Amino acid sequence: MLAAASIAAAESKGLPRSREVGSRPIEITAVRLFADSARNSVTFEGSVVAKQEDVTMFSDRLFADYSPGTGVIEKIVADGNVRVIQQDREARAPHAEFYNMEQRIVMMGGAEVTQGGNTLTGETATIYLRENRSVVSGGEGGRVKAVIMPKGQSETKGKDGR
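The shown structure was predicted, so the numbers you read here are calculated from the model rather than taken from an experiment.

Caption draft 1: Highlighting the overall build of the chain. Counting secondary structure elements, the chain contains two helices and ten strands. Counting across all 162 residues of the chain, residues that qualify as buried make up 33%. Partitioning the contacts of the chain with sequence separation of at least 6, the portion at a separation of at least 24 is 36%.

Structural data, given as structure tokens:
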């Protein structure tokens, strides 16, 4: 029910459906590439940059599974210095998993999401790319932290506003 409402809201705003975006090309560059056609997978190593539409992912290593019939990348697993940028939102973590058809990224191992001066930190951050929302969890017994900046102020200002 909520998924249908999200799709309807996205369509009313003129945004493409997640499945439509998920079937769009992903450009990946790296120092090395290892392809395994028998397993329908590709591994990229060294200064990896993956880009789809307005989302860019950086990592040390990236593993991608793709559909044998269509060639569409279904899932990406990124390790090492993972950073994801989408417009003014940026997320960082040691590990991430990108579910292409759902347009969802799960950042793991101590994640931080920043947007508009606001910062969310926790063990795991799930980013719903086409819904402009994130869910952060603290892990087992852990807590999350949010720093919400009033509009017009930056983090570098002191208590007296200077």
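Caption draft 2: Up close: the pattern of salt bridges. Enumeration over the complete set of coordinates arrives at ten salt bridges. Notably, a salt bridge pairs Arg-61 with Glu-45, separated by 3.2 Å at the nearest N-O pair. One end of the pair, Arg-61, is in strand β4 (residues 55–66); the other, Glu-45, is in strand β3 (residues 41–52), with 16 residues separating them in the sequence. Between Arg-104 and Glu-102 there is a salt bridge, with the nearest N and O atoms lying 2.8 Å from each other. In the salt-bridge network here, residues are joined through shared partners; they are Arg-32, Glu-45 and Arg-61.

Caption draft 3: Here's a closer look at the packing of aromatic side chains. One pass over the structure, following the stated rule, counts zero aromatic pairs. It is Arg-104 that lies over the ring of Tyr-99; its NZ or CZ is 4.3 Å from the centre. In this arrangement the basic side chain of Arg-133 is found over the ring face of Tyr-128, its NZ or CZ atom lying 4.0 Å from the centre.

Caption draft 4: Region of the structure containing the environment of Asp-88. Mapping Asp-88 onto the fold places it in the loop between β5 (73–86) and β6 (89–99). Taking the C-alpha atoms as reference, Asp-88 lies 5.7 Å from Gln-115; in sequence the two are 27 residues apart. For Asp-88, the side chain forms a polar contact with the side chain of Gln-115, separated by 3.2 Å.

Caption draft 5: Expanded view of the pairing of β3. Where strand β1 (residues 27–29) lies against β3, three bridges are found, and the strand directions are antiparallel. Its bridge partner being in β3, Thr-29 is matched across the sheet by Val-49. Where strand β2 (residues 32–36) lies against β3, five bridges are found, and the strand directions are antiparallel. Bridge pairing in β3 places Asp-36 opposite Ser-41. What sits between the antiparallel neighbours β2 and β3 is a turn of four residues, in which Asn-40 has the positive phi angle 55°. Count of turn residues in the β3/β4 antiparallel hairpin: two residues, of which Glu-53 carries a positive phi of about 55°.

Analysis parameters
- Residues numbered from 1 in each chain as written.
- Predicted model: local features only at pLDDT ≥ 70, side-chain atom pairs only at ≥ 80, totals over all residues.
- Heavy atoms only, no water.
- Helix = DSSP H or I, 4+ residues; strand = E, 2+ residues; numbered from the N terminus.
- Buried < 20%, exposed > 50% of the residue type's maximum accessible area, 1.4 Å probe, protein only.
- Contact = heavy atoms within 4.5 Å.
- Salt bridge = Lys/Arg side-chain N within 4 Å of Asp/Glu carboxyl O.
- Phe/Tyr/Trp six-rings, centres within 6.5 Å; stacked < 30°, edge-to-face > 60°.
- Lys NZ or Arg CZ within 6 Å of the ring centre and 35° of its normal.
- Polar contact = N/O pair within 3.5 Å; in protein donor to acceptor, adjacent residues only side chain to side chain.
- Pairing = 2+ DSSP bridges.

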